[in-house]
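# Structural overview
Listed below, chain by chain, are the residues.
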Amino acid sequence: MPHPPCSGKGCGISTSHQGQQKIAAVPKEYSISRNTDGSLAFSEIGSAQNLKNMLTELEISQPKYSTIEAINPIDSSTSFFVFARNSRIVIAENFSAVRNPTHVGVDAEFVITNIFNNDTYGFNTIWRHVKNFPPGSKLCVNGENGENGGTLNFKIVEHLENLIDLSNDDAMSILADEIGQKAESIAAKKIVVQFSGGRDSLGLLTAAQTTRSEVSAITWTYDRGSAHEDLITASDYAKQIGVRHTILDICPSLLLQVPKISEISPTISTSIAFIQFKKALDEEISSNFGEDVLVLDGHGGDHVYLDPVPLEVILDARREGLVKKLQIIRILSQLNGVSFYQLFRATSEHRIDFPNKNQRFLSQSAFDFFAKSNASNRTGKEAHHLMMRQAIHENSIHKHESKARYFSPFTSKQILGSVWSLSPHSFFSEQQTRIPFEDSFFRFNKGLKLRKNKGHITGAFQHAIRIKKNKFKELIGDGYLGKNNILNVDEALSELSKCSLGYGGLNAVLLKALCFELMLISS
């Protein structure tokens, strides 16, 4: 359950000293931002005193103030780890700064929900006593000096009050403005779009064409499977639009590597599997385009424009009566190609049913816990807001040292403001999803068609698993998830064997389980 909003008045506490009256502390508000040179500024608003400006780590011991509030702006693009114990608090981008084997261990219950659920946003992490401080949130630290030294308590709450309602604005125009302003702010002479040929990356490519920068596209591919279809589509689009197109082959050996401790994330994300490849991509971009380049990443467009439509939208309709519920179920069944009866049954209770295809990977005790904790009483709009927060969070983790500057326009403040107040029902129909974006795209790009589906690089992952099959068998059988009776080891090993032989794709739960175990090796 999220904490109530953290107001200045509510966060202040009273301190008492002998012979003095109790005086309510005045909260101090701080803002974390990234400077143009890439360094971090942690500064106090409206005050002369700063707390260790320009550092990626902040330590407070025996705090001078009873209350400190730190804001991580929604557009900061950086998530922080927060670790506090007694009179010490550490706020850092890097897990190594908060790692303490004596006090920091795995939070098994959070791991269960994180691996077997798509929700990746929140203030908890997979580590006990360590919290996540993502963009769009506020850290409230209460400190009090006592006879035995200072003590600290803290909580993290949402802080999205500064979003401006831009629901009447045009999506493509906002993207073009955001990309142009970003390129000018860093004096980027070149813009490179990570281009799959899908809707999001095509929108970014055409929006970038309106800037003064030289625009190019780069596509990563694998010569087997549907990733090759991506390449054909992306190449056709690049020729039609008239931009330089660079192609980068994925080397399977770069996937699913053990990350460095500095690359460990607060939650379990499949992006862990791509870290070494992303570094190779960065080198390729620097080699081909130089260092004065802005790289555009289209991740988050699906979340922002409510795709896929969450089942909570049907639960909303049920509150309006059976007729409305049946109408929405009919639309979604046609849109997604699933049976009307399946959707009706899935929403017959107040909770969202656990997907049967993944149940087999849980041990019985872990499934019993998950089933109790996976109830959903969210409204459709709340589910949409959660999807957007997930996109913000995912775009703020797994940063690596890079010569190029990366930007994710779909989680910019302006784009978020354009959809935040929209009704979930305005995003889909029987034939169409992402309606606000697609309608804007067709107005912006006369004659261009959007590709509804895009390929994937499952073949590259299957090859990577085949190369390291014995190592991954050990991770599943002898790793944390197996030893702690969370994972159904027999089912997971069976899925691993099928995947290594090229059968049945790559199950997302298996991939997340492997990413988690790889992170534990580093920690």
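Computed from a predicted structure; not experimentally measured. (Residues numbered from 1 in each chain as written. Predicted model: local features only at pLDDT ≥ 70, side-chain atom pairs only at ≥ 80, totals over all residues. Heavy atoms only, no water.)

## Topic: the overall build of the protein chain
The helix and strand inventory of the protein chain stands at 20 helices and 16 strands. Residues classed as buried in the protein chain amount to 52% of the 523 residues present. For the protein chain, contacts bridging at least 24 residues in sequence account for 72% of all contacts bridging at least 6. A total of about 23,900 Å² of accessible surface is found on the protein chain, and carbon and sulfur atoms cover 48% of it. (Helix = DSSP H or I, 4+ residues; strand = E, 2+ residues; numbered from the N terminus. Buried < 20%, exposed > 50% of the residue type's maximum accessible area, 1.4 Å probe, protein only. Contact = heavy atoms within 4.5 Å. Areas by Shrake-Rupley, 256 points an atom, 1.4 Å probe, with all protein chains shown as cover.)

## Details of the packing of helix α4 (residues 199-208) against helix α15 (residues 435-444)
Close contact between α4 and α15 brings their axes to 11 Å; oriented N to C, the two are set at 40°. By the angle class used here, α4 and α15 are oblique. Judged by the sense of rotation from one axis to the other, the crossing of α4 with α15 is left-handed. Here Arg199, Leu202, Gly203, Thr206 and Ala207 of α4 come into contact with α15, specifically with Phe437, Glu438, Phe441 and Phe444. (Axes fitted to C-alpha atoms, helices over the stretch in contact; angles between N-to-C directions. Parallel < 35°, antiparallel > 145°, perpendicular 65-115°, else oblique. Left-handed = near helix turned anticlockwise from the far one by under 90°.)

## Focus on α15
Those residues of α15 not exposed but buried are Ile435, Phe437, Glu438, Ser440 and Phe441. On its buried face, α15 is in contact with α3 (171-185) and α4.

## Let's talk about the sheet that holds strand β15 (residues 293-296)
Within the open sheet, the 5 strands sit side by side as β14-β13-β12-β15-β16. Their pairing is parallel. The strands lining the two open edges of the sheet, one partner per strand, are β14 (244-249) and β16 (405-407). The mean angle between the axes of side-by-side strands here comes to 25°, regardless of whether they run parallel or antiparallel. Taken together, the 6 bridges between strand β13 (residues 214-221) and β14 define a ladder with parallel strand orientation. By the bridge assignment, isoleucine 218 is partnered in β14 with threonine 246. Sheet strands touched by α4: β12 (190-194), β13 and β15. Its angle to β12, the strand with the most contacts, is close to 165°. (Pairing = 2+ DSSP bridges.)

## Quick notes on the nonpolar core
Formed by 64 residues in total, the largest nonpolar core has its most connected members in Phe116, Trp127, Leu256, Leu481 and Phe516. The dominant element in this core, judged by the number of residues it contributes, is helix α20 (residues 508-522), at 10 residues. With 46 residues, the next largest nonpolar core counts Leu160, Ala188, Met388 and Val419 among its residues. (Core = buried A, V, L, I, M, F, W, Y, C linked by side-chain atoms within 4.5 Å.)

## Focus on the pattern of salt bridges
One pass over the full model with this rule turns up 11 salt bridges. Of the charged contacts, one joins arginine 434 and aspartate 307 as a salt bridge, the two residues approaching to 2.9 Å between their closest N and O atoms. Separated by 127 residues along the polypeptide, arginine 434 in the loop between α14 (413-419) and α15 and aspartate 307 in the loop between α7 (301-304) and α8 (312-319) bring together distant segments of the chain. For arginine 360, the salt bridge is made with glutamate 495, and the minimal N-O distance between the two is 3.2 Å. Here arginine 360, found in the loop between α11 (356-359) and α12 (364-373), pairs with glutamate 495, found in helix α19 (residues 489-500); they are 135 residues apart in sequence, far enough to count as distant. (Salt bridge = Lys/Arg side-chain N within 4 Å of Asp/Glu carboxyl O.)

## Some words on the packing of aromatic side chains
Overall, the coordinates contain 13 aromatic pairs when judged by the stated rule. Look at phenylalanine 441 and phenylalanine 442: their rings are 5.7 Å apart centre to centre, the planes differ by 80°, and that puts the pair in the edge-to-face class. Judged by relative accessible area, which is 0%, phenylalanine 441 ranks as buried. Members of the aromatic cluster, each reached through a chain of ring pairs, are Tyr305, Phe410, Phe437, Phe441 and Phe442. (Phe/Tyr/Trp six-rings, centres within 6.5 Å; stacked < 30°, edge-to-face > 60°.)

## With respect to a nonpolar patch on the surface
On the surface, Leu322, Leu326 and Phe340 cluster together into a nonpolar patch covering about 250 Å² of accessible area. Among the residues examined, phenylalanine 340 registers a relative accessible area of 36% and is labelled partly exposed. (Patch = residues over 30% accessible without salt bridge, like charges linked within 9 Å, V, L, I, M, F, W, Y side chains within 5 Å.)

## A word on the environment of asparagine 488
Of note, asparagine 488 is situated in the loop between α18 (480-483) and α19. Separated by 125 residues in the primary sequence, asparagine 488 and serine 363 place their C-alpha atoms 4.7 Å from one another. When residues no more than four places from it in sequence are discounted, the contact partners of asparagine 488 are Arg360, Phe361, Leu362 and Ser363.

## Focus on the confidence of the model for the protein chain
Of the residues in the protein chain, 75% reach a pLDDT of 70 or more, and the chain-wide mean stands at 77. Scored below 50 in pLDDT, residues 1-35 makes 85 contacts in the model with residues more than four places away or belonging to other chains. Residue range residues 350-356 is modelled with pLDDT below 50. Its contacts to residues more than four positions away, or to other chains, number 21 contacts. (pLDDT = per-residue confidence, 0-100.)

## Concerning unusual backbone geometry
In this structure, proline 308 follows aspartate 307 across a cis peptide bond, with omega equal to 5°. Its location among the elements puts proline 308 in the loop between α7 and α8. Positive phi, normally seen in glycine, also occurs at histidine 129, with a value near 70°. Turning to its location among the elements, histidine 129 is positioned in the loop between α2 (108-115) and β9 (130-133).

## Quick notes on the environment of glycine 459
For glycine 459, the position within the fold is in helix α16 (residues 458-467). Taking the C-alpha atoms as reference points, glycine 459 and glycine 505, separated by 46 residues in sequence, lie 7.8 Å from one another.

## Let's talk about helix α6 (residues 275-289)
Look at α6: 21 Å from first C-alpha to last across 15 residues, which is about the 21 Å you get at 1.5 Å a residue. All buried positions along α6 are accounted for by Ile275, Phe277, Leu281, Asp282, Ile285, Ser286 and Phe289. Residues of α6 that are buried in the fold lie against β12, β13, β14, β15 and β16. At the C-terminal side of α6, glycine 290 shows a positive phi close to 85°. (Expected span 1.5 Å × (residues − 1).)

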